[in-house]
Amino acid sequence: MRAARTQRKLSQRELARRAGVTNGTISQIEQNYSSPSVSSLKRVLDALPMSLAEFFAGDFTENHQVFFRKAELQEVTPRKLLRKGDGPISLSIRQVGNALAHQIQMLHERYGPGADTGSQKYSHNAEEAGIVIEGSIEVTVGTQTETLFAGDAYLFDSRIPHRFHNTGLVDCIIVSACTPPSF
């Protein structure tokens, strides 16, 4: 309990106040003089906030990676997007970190000339936004189609069927985000 409390920079008194228990209760739990009931422990953990599973797993270190080098981005391009006709297309979607551990998915997308997300529009339960960094991309959302150039952006409800297609002669680079993560 002490490790979980100090990792969050809380005093015993502050944790006790937040949990609605006495300072002595927190002190006794931390010194193993008292074993709280499950309901009391849950109240204390809710004040941290921390789940019972996290508490019993015992990992209270703040060990979440914050910075990612180019080589650490994960390739997440769905297999269904990797082929066009008989040959591979130039499409890469790389993710920052583990999207399953977060509520947002950050992506670096590269569409080579002619690359697209498929002839059929697709949808998923999320919202997405992106900014074109280089090149151009034709984006179709529902019945609307627009060609976006470097500096242009999009934001839409991903439940609306959509498609991306590089109709240009150079690579298109997009930085995008999706919440919740979709793949």
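Residues numbered from 1 in each chain as written. Predicted model: local features only at pLDDT ≥ 70, side-chain atom pairs only at ≥ 80, totals over all residues. Heavy atoms only, no water.

Asks: Which parts of the structure should I look at to understand the overall build of the chain?
Replies: In terms of regular secondary structure, the chain is built from five helices and eleven strands. Evaluated residue by residue, the chain yields a buried proportion of 38% over its 183 residues. At a minimum sequence separation of 6, the contacts of the chain that also span at least 24 residues come to 61%. A total accessible area of about 11300 Å² is found for the chain, and carbon and sulfur atoms account for 53% of it. (Helix = DSSP H or I, 4+ residues; strand = E, 2+ residues; numbered from the N terminus. Buried < 20%, exposed > 50% of the residue type's maximum accessible area, 1.4 Å probe, protein only. Contact = heavy atoms within 4.5 Å. Areas by Shrake-Rupley, 256 points an atom, 1.4 Å probe, with all protein chains shown as cover.)

Asks: Got a minute to help me understand the sheet that holds strand 11 (residues 172-179) in this structure?
Replies: Working definition: the strands of a sheet are paired by backbone hydrogen bonds and lie parallel or antiparallel to each other. Spatial strand order, 1-4-5-11-6-9: six strands in an open sheet with antiparallel pairing. With partners counted over all chains shown, the strands left at the sheet margins are strand 1 (74-75) and strand 9 (153-157), one partner each. Two strands pair when backbone bridges link them, and strand 5 (residues 105-111) and strand 11 are joined in this way by seven bridges, in the antiparallel orientation. The residue of strand 11 that forms the bridge with leucine 107 is serine 176. (Pairing = 2+ DSSP bridges.)

Asks: Before we go on, may I ask you to explain unusual backbone geometry in this structure?
Replies: Across the chain, the bulk of peptide bonds are trans and the bulk of non-glycine residues have phi less than zero. Along the chain, threonine 179 connects to proline 180 via a cis peptide bond; the corresponding omega equals -10°. Tracing the backbone shows proline 180 in the segment after strand 11.

Asks: Looking at this model, I keep getting lost on the confidence of the model for the chain. Mind explaining?
Replies: Regions with low pLDDT should not have their predicted coordinates read in detail. For the chain, per-residue confidence averages 85 on the pLDDT scale, and 87% of positions sit at 70 or higher. When the criterion is pLDDT under 50, residues 82-87 qualifies, and its contacts beyond four places in sequence or with other chains add up to nine contacts. (pLDDT = per-residue confidence, 0-100.)

Asks: It is not clear to me how the side chain of arginine 5 should be interpreted in this structure. Could you clarify?
Replies: With respect to the secondary-structure elements, arginine 5 resides in helix 1 (residues 2-7). Residues contacting arginine 5, with those up to four places away along its chain left out, are Leu10, Ser11, Gln12, Leu15, Glu30 and Leu48.

Asks: For this particular structure, what's the right way to read the pairing of strand 4 (residues 91-95)?
Replies: The two faces of a sheet get side chains in turn, since along a regular strand they alternate between them. Burial analysis of strand 4 places five of its five residues in the buried class, which makes it a mostly covered element. Of the two faces of strand 4, both are covered, the one formed by Leu91, Ile93 and Gln95 as well as the one formed by Ser92 and Arg94. Where strand 1 meets strand 4, two bridges bridge the pair, whose relative direction is antiparallel. Bridging across to strand 4, glutamate 75 finds its partner in arginine 94.

Asks: Help me understand the sheet that holds strand 8 (residues 144-149), please; the structure alone is not making it clear to me.
Replies: Overall, antiparallel pairing links the three strands, which are arranged 8-7-10 in an open sheet. For this open sheet the edge positions go to strand 8 and strand 10 (162-165), each flanked by a neighbour on one side alone. The mean inter-strand angle of the sheet, taken between neighbouring strand axes irrespective of direction, is 20°. Sheet topology note: the strand 7 (residues 136-141)/strand 8 ladder contains six bridges and is antiparallel. Paired with serine 136 across the strands is phenylalanine 149, a residue of strand 8. (Axes fitted to C-alpha atoms, helices over the stretch in contact; angles between N-to-C directions.)

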